[in-house]
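One-letter residues, chain by chain:
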Amino acid sequence: MIGGRSELARDERLYRFVFPERPGALMQFLSSLHPGWNISLFHYRNQGADYGRILVGIQVPREDRRALREFLDGLAHPCVDETDNPAYRQFLR
C-alpha cells in the first residue's frame, strides 16, 4: 500500500474486513454503502484462500456514525474497527 496522509481525509474511519472469494461479494458491499460516504482508502489482499482481506477507509460525517455502525452490524462479513490502531494514527491520520 502506497500513500500517506491527506488533508482531504476528514472524518475517516478505518475498517478491516474478511470477504468470501465468491463472485459479486465485494461489489455487493461497495454498492450498498451510503452514497454520501466516501471511500478514501482501499486495499485488497488475497493469498489464494477462500477469503480475501480488505482494509477500507470510509469518510463518514460525525452525524452519520450511528448509521455506519448499524450498516456494519448488518453485514454478513466480520469487520474490525482499526481507526484507533497506533500504526494508522502514526502513518495515515
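Further up the page is the structure itself.
Residues numbered from 1 in each chain as written. Predicted model: local features only at pLDDT ≥ 70, side-chain atom pairs only at ≥ 80, totals over all residues. Heavy atoms only, no water.

Visitor: Can you help me understand the overall build of the chain in this one?
Guide: A count of helices and strands for the chain gives three helices and four strands. Starting at the N terminus, the α and β elements of the chain follow one another as β-α-β-β-α-β-α. Counting all 93 residues of the chain, 29% fall into the buried class. Contacts in the chain between residues at least 24 apart in sequence constitute 69% of all its contacts with a sequence separation of at least 6. Surface summary for the chain: the accessible area is close to 6,400 Å², and the carbon and sulfur share equals 50%. (Helix = DSSP H or I, 4+ residues; strand = E, 2+ residues; numbered from the N terminus. Buried < 20%, exposed > 50% of the residue type's maximum accessible area, 1.4 Å probe, protein only. Contact = heavy atoms within 4.5 Å. Areas by Shrake-Rupley, 256 points an atom, 1.4 Å probe, with all protein chains shown as cover.)

Visitor: Which parts of the structure should I look at to understand the sheet that holds strand 1 (residues 12-20)?
Guide: With antiparallel pairing, the four strands of this open sheet are ordered in space as 2-3-1-4. Strand pairing shows two members of the sheet lacking a second neighbour, strand 2 (38-45) and strand 4 (79-81), which therefore form its edges. Averaged over all neighbouring strand pairs, the angle between strand axes comes to 20°, with direction disregarded. In this structure, strand 1 lies alongside strand 3 (residues 51-59), joined through nine bridges in antiparallel fashion. (Pairing = 2+ DSSP bridges. Axes fitted to C-alpha atoms, helices over the stretch in contact; angles between N-to-C directions.)

Visitor: Would you mind showing me how to read helix 2 (residues 65-73) here?
Guide: Count 3.6 residues to each turn of an α-helix, and residues three or four apart come out pointing the same way. Looking at helix 2, one finds that the buried residues are Leu68, Phe71 and Leu72. Angular distribution of buried residues about the axis of helix 2 spans 95°; they occupy a single face of the element. Across helix 2 from its buried face, at more than 90 degrees, point the exposed residues Arg66, Glu70 and Asp73. At its buried positions, helix 2 is contacted by strand 1, helix 1 (25-32), strand 3 and strand 4. (Arc of directions from axis to C-beta.)

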